[in-house]
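# Chains, contacts and geometry: an overview
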Amino acid sequence: MASLQEQFLKSGLVDKKKLKQTSHEKTRQKKIERKSGVESVDEARLAALEMQRRNAERARELNAQRDAAATQKAIAAQIVQMIQQNRQHRGNGDIAYNFTHDNKIKRIHVSAKVQDHLAAGHLMIVCLGDATELVPKVIADKIAERDPSIVVQVRKTSTEIAEDDPYAAFQVPDDLMW
């Protein structure tokens, strides 16, 4: 394949005199650069390098976003798998158990034995989408490491009575359900 100069010459865009002049100018410029030790600034080359740097930076950013999305997807799959493998049976569901999730009061029906395990902290409630499941505390802790927003934290009420509590003389019945 012929050089670009030869192609221009064949197509008639330049003549031999113009080619000779540009070639002479180019060699003269290189000779001056060699003698002075200073290189001339090639704007086209610098612009190409800058564009290449920008493209590489953009590619790195896109790869980082893609990796973050893949990591989030993998974490979500791990959570679903842990819930499916470790979910506990709720019992026959004769007692309504109320809990708070996403600033909303929700209710599930559980057996008395499951209610005792929930109150003791042996079982935890996990809300994934619309599904509500019961899992052991160990599994709930592992899920909370990955995404704490789906594990319902049951707050233990303290049995201590404050000194200035005006209702300290009134006892709360054991069978009171809220």
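Quick notes on the rules
- Numbers given for residues are sequential positions, taken from 1 along each chain in its written order.
- At least 70 in pLDDT is required for a residue's local features to be given in this predicted model, at least 80 for side-chain atom pairs to be given and counted, and no such filter applies to totals for whole chains, interfaces and linings, which use all residues.
- Where side-chain values are given, they derive from all heavy atoms of the structure, hydrogens and water being excluded.
- By definition here, a salt bridge exists when the distance from a side-chain nitrogen of Lys or Arg to a carboxyl oxygen of Asp or Glu is within 4 Å.
- Under the scheme used here, helices are H or I runs from DSSP no shorter than 4 residues and strands are E runs no shorter than 2 residues, and both carry numbers assigned from the N terminus.
- Burial here depends on accessible area, computed with a 1.4 Å probe over protein chains only, as a share of the maximum for the residue type. Under 20% is buried, over 50% is exposed, and the range in between is partly exposed.
- Criterion used throughout: strands pair if DSSP finds at least two bridges between them.
- A score between 0 and 100, pLDDT records how confident the predictor is in each residue.

### Some thoughts on the pattern of salt bridges
- Inspection of the entire model under this criterion finds 6 salt bridges.
- In this structure, arginine 53 engages glutamate 57 in a salt bridge whose closest nitrogen and oxygen atoms are separated by 3.2 Å. Separated by 4 residues within a single helix, arginine 53 and glutamate 57 lie in helix H3 (residues 43-86), roughly one turn from each other.
- Residue classification places arginine 53 among the partly exposed residues on the basis of a relative accessible area of 41%.
- Classification of glutamate 57 by relative accessible area gives partly exposed; the value is 34%.
- Where glutamate 133 meets arginine 87, a salt bridge forms, and the shortest distance between an N and an O atom there is 3.8 Å. Of this pair, glutamate 133 sits in strand E4 (residues 131-136) while arginine 87 sits in the loop between H3 and strand E1 (95-101), and the two are 46 residues apart along the sequence.
- Overall, the relative accessible area of 18% leaves glutamate 133 in the buried class.
- Judged by its relative accessible area of 47%, arginine 87 is partly exposed.
- In the salt-bridge network here, residues are joined through shared partners; they are Glu50, Arg53, Arg54 and Glu57.

### Examining the pairing of E4
- Note that strand E3 (residues 123-128) and E4 share 6 bridges and pair antiparallel. If you follow leucine 123 over to E4, its bridge partner there is proline 136.
- Counting the residues that bridge the hairpin from E3 to E4 gives 2 residues, and of these glycine 129 lies at a positive phi of roughly 70 degrees.

### A look at the confidence of the model for the chain
- Counting all residues, the mean pLDDT for the chain is 84, and 90% of those residues have values of 70 or more.
- For the chain, per-element mean pLDDT is lowest for helix H1 (residues 4-11), which scores 83, and highest for H3, which scores 92.

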